[in-house]
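What follows is the residue order along each chain.
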Amino acid sequence: MKKKQNKFFILDRTNELTAKSRFINVICFFVLVFYKIVYVFCRAKDYPKKYNVSVCAIFKNEAAYLKEWIEFNHLIGIEHFYLYNNNSDDDYMEVLDPYIKDGLVTLVQWPKNQAQIESYNHCISQYKDESKWIGFIDIDEFIIPIAKNSIYELLKPFNNKRGAVKLYWRMFGTSGRMKRDMNGLVTEDFTVCWPKYYIVGKCFYNTNFNYDKNYSKNRFLHHSFWTQYKGINLPPVNLEGKVSFKEFDRINTKEQPAQINHYFTKTFEEYKFKRSRGDVFFKINPHDEEYFFLHENENVSVDFTAYKYMIKLKEKMKRI
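None of the values given here were measured: they were computed from a predicted structure.

**With respect to the overall build of the protein chain**
- Each helix and strand counted, the protein chain has nine helices and 14 strands in total.
- For the protein chain, whose C-alpha radius of gyration is 19 Å, the value lies close to the compact-globule estimate of 20 Å for 320 residues.
- In the protein chain, which comprises 320 residues, the proportion classed as buried is 54%.
- Within the protein chain, residue pairs in contact and separated by at least 24 positions form 76% of the contacts whose partners lie at least 6 positions apart.

Below is the structure:
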C-alpha cells in the first residue's frame, strides 16, 4: 500500500478522509488561523549565547557512523554536539575522544532504556543557556542547507520571532545495495530517495522561548516542538514561516531552503543490523521487513544536494 500524497508531501495517513475527520479538519483550520494571528505579535528577547546552533542526539552502537555525521553537520554550521550514549558496547569512545578534547562534543552517559525524549528534556534543562538553537536529530540524519551554506543563516531570521522551526525529511533508501564497503560515506553512497518531502521532520528549538515539557503535543518534541509565548502554547513553523500543525503543513515550492536527509535504511544488511542492535525509543522495534518495503517502494527519485559539501567533507575526514 502506497502512502497518501499531496502536491509537495508524502503523508503519514493512508486512508481517505471520513466525514468526521473532515469536520475535525475544519475546526483545525480555524485553530491554525488563531496561531497565525498570535505569531504576528510574537516577539522574544534575543540573548547572546556561546553557540548559535547546536544539536542533541542519542545514540546506541553507531560508532561506524559518528565521525562522518559530526564532520558533515559541523561543516554546515553546527557549532556543538550534545551526545547521549545509550548503553553502547562498540568503540564509540575511540571516535568521540578527539572531539570531546577539542570541545566540539559534550558526552553524557545515558543508561536509561527507551528514554529518548527524557534525554532531550535533560539536554534543554542543562544546556539551553549555551546555545540559541538546539536541533534534535538522529545519527542517520544530515542537515542540508540549500538556499544558503549555513544552517544558522536560515534560522537567524526567526531568532526573536518563532519558538521552533521544522525541517522536513528527504527520505533515502538502499539505492539498490544489499551491502557496501563500510569505509564509504553515507552521504555519498546513497542518492536514491522519495520524490517528495515526508511531512514528518525534525525541529530546532529557539531557546529564547519557554516550553512545557509536560504538554501533550511535546510527547514527540523532536518532531513537533511546541513552545510558549505569554503562556500560550504555539506549534513550530517551517522555513517558509508557515505553521506546522497536524497535517496542515503548507509550502510554496518543492525545493525548501534546507532539508534533513534521512538515511533511514542504508543497505538492506545495515537495516537488519539496525533492528538487531536495540532502539533508544521502542522497547520492541516495529520496523520489520514489511515496514522496510513500505518505505523502499517510494524511492523513485535521486537527490545530490549533499554532494555540494562532498569535497570539503572528504578533506575533513582525511585530516581527522
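**Quick look at the pattern of salt bridges**
- Evaluated as defined, the whole model comprises 14 salt bridges.
- Measuring nitrogen to oxygen at the nearest pair gives 3.3 Å for the salt bridge that ties K166 to D249. With K166 in strand 7 (residues 164-172) and D249 in the loop between strand 12 (237-238) and strand 13 (258-263), this pair connects stretches of sequence that are 83 residues apart.
- You can call D249 buried: its relative accessible area is 1%.
- Overlapping salt bridges, with partners in common, bring together D138, E141 and K202 in one network.

**A word on the environment of H223**
- Structurally, H223 can be placed in the loop between strand 9 (197-206) and strand 10 (227-229).
- Residue classification places H223 among the partly exposed positions, given a relative accessible area of 22%.
- Taking C-alpha positions, H223 is 12 Å from N238, a pair spaced 15 residues apart along the chain.
- If sequence neighbours within four positions are ignored, H223 has contacts with K166, W169, V200, G201, K202 and C203.
- A polar contact is formed between the side chain of H223 and the side chain of H222, at a distance of 3.5 Å.

**Topic: a nonpolar patch on the surface**
- Nonpolar side chains collect at one region of the surface, where V26, F29, F30, V33, I37, V40 and F41 lie side by side and expose about 690 Å² of accessible area between them.
- By secondary structure assignment, the location of V40 is in helix 1 (residues 19-40).

**What about the pairing of strand 3 (residues 80-85)?**
- For strand 3, the buried fraction is high: six of the six residues fall into the buried class.
- Side-chain alternation along strand 3 places H80, Y82 and Y84 on one buried face and F81, L83 and N85 on a second face that is also buried.
- Considered for its hand, the β-α-β crossover made up of strand 2 (residues 51-59), helix 2 (residues 63-75) and strand 3 is right-handed.
- Sheet topology places strand 3 next to strand 4 (residues 105-109); five bridges connect them, and they run parallel. Looking at the pairing, N85 lines up with Q109 of strand 4.
- Regarding the hand of the β-α-β motif, the stretch spanning strand 3, helix 3 (residues 92-101) and strand 4 is right-handed.

**Some points on the side chain of N206**
- Residue placement: N206 occurs in strand 9.
- Of the polar contacts made by the side chain of N206, one reaches the backbone oxygen of F158; its length is 3.3 Å.
- A polar side-chain atom of N206 sits 2.9 Å from the main-chain carbonyl oxygen of R162.
- Those residues in contact with N206, other than ones at most four positions away along the chain, are K132, W133, F158, N159, N160, R162 and G163.

Reading the values: the criteria
- Residues numbered from 1 in each chain as written.
- Predicted model: local features only at pLDDT ≥ 70, side-chain atom pairs only at ≥ 80, totals over all residues.
- Heavy atoms only, no water.
- Helix = DSSP H or I, 4+ residues; strand = E, 2+ residues; numbered from the N terminus.
- Rg over C-alpha atoms; globule rule 2.2 N^0.38 Å.
- Buried < 20%, exposed > 50% of the residue type's maximum accessible area, 1.4 Å probe, protein only.
- Contact = heavy atoms within 4.5 Å.
- Salt bridge = Lys/Arg side-chain N within 4 Å of Asp/Glu carboxyl O.
- Polar contact = N/O pair within 3.5 Å; in protein donor to acceptor, adjacent residues only side chain to side chain.
- Patch = residues over 30% accessible without salt bridge, like charges linked within 9 Å, V, L, I, M, F, W, Y side chains within 5 Å.
- Areas by Shrake-Rupley, 256 points an atom, 1.4 Å probe, with all protein chains shown as cover.
- Right-handed = clockwise from strand over helix to strand, strands pointing away.
- Pairing = 2+ DSSP bridges.

Interpretation in functional terms is not warranted from these geometric data alone.
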